[in-house]
Amino acid sequence: EIKSFEFNINDELNGVFRYLSIESNGNPHDKGKVEGTSNSICSPSCHPKNLLNTTKEDDYLPKSSELNAWVLFDFKNMEIEISKYSIKASDFGKDYGHLKNWVIEISNNNKNWKIIDEHSNSSELNGSNYIKTFNTTNQRFSRYCRFRHTGDYYGINNRCVMGFQSI
């Protein structure tokens, strides 16, 4: 069964993760629908599963000064096709820990990755609770989706930790 989620400018975070949260009555990671993992986690309370919360505002935070953190979403027995994605920045102030350089990648085997979106020196998420929606290219159904930060972020020179709230 294929489900589609139409983009709504007034409700940018109403997509597959919100649907899975409602369907499973909780965080899709905790309910076993989607597994969120990362190569860098600041503390247990800053787990990448927080990015799947649609009713609670908890950040995902990698270790301090981590430049190349990634978050992997394994949709297990599902495949998704991403045409757009939205990111909600943390509630940190401007120039304090916000995303700047990243790619979104997809895979069916968790080994061979295809970039579907890429941003360098972006200022679009550099502010408290900013939400921005991005288009992708090369869409196809895939089991895995990975957000990978690819360089510095706002505030790294001031020892800020990078983070964001939702994707």
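**Description of the sheet that holds strand E3 (residues 84-89)**
Here's step 1: Taken in spatial order, the 3 strands make up an open sheet running E6-E3-E8, and their pairing is antiparallel. Strands at the two margins of the open sheet, each flanked by one partner only, are strand E6 (131-135) and strand E8 (164-166). The mean inter-strand angle of the sheet, taken between neighbouring strand axes irrespective of direction, is 35 degrees.
Here's step 2: Relative to E8, E3 runs antiparallel, the two being bridged by 2 bridges. Across the sheet, residue Ala89 finds its bridge partner in E8, namely Phe164.

**Description of helix H1 (residues 16-24)**
Here's step 1: Among the residues of H1, Phe17, Arg18, Leu20, Ser21 and Ser24 are the ones counted as buried. Viewed along the axis of H1, the buried residues span an arc of 165 degrees, placing them on a single side of the element.
Here's step 2: Residues of H1 that are buried make contact with strand E2 (70-74).
Here's step 3: A positive backbone phi angle near 60 degrees is found at Asn25, which sits one or two residues after H1.

**What to know about unusual backbone geometry**
Here's step 1: Positive phi values are uncommon outside glycine, yet Asp95 reaches one of about 65 degrees.
Here's step 2: Inspection of the secondary structure assignment puts Asp95 in the loop between E3 and strand E4 (102-107).
Here's step 3: The class of Asp95 is partly exposed, set by a relative accessible area of 38%.
Here's step 4: Of note, the phi angle at Asn121 is positive, near 55 degrees, even though the residue is not glycine.
Here's step 5: Note that Asn121 resides in the loop between strand E5 (114-119) and E6.

Definitions and cut-offs
- Residues numbered from 1 in each chain as written.
- Predicted model: local features only at pLDDT ≥ 70, side-chain atom pairs only at ≥ 80, totals over all residues.
- Heavy atoms only, no water.
- Pairing = 2+ DSSP bridges.
- Helix = DSSP H or I, 4+ residues; strand = E, 2+ residues; numbered from the N terminus.
- Axes fitted to C-alpha atoms, helices over the stretch in contact; angles between N-to-C directions.
- Buried < 20%, exposed > 50% of the residue type's maximum accessible area, 1.4 Å probe, protein only.
- Arc of directions from axis to C-beta.
- Contact = heavy atoms within 4.5 Å.

Read these as geometric descriptors, not functional statements.
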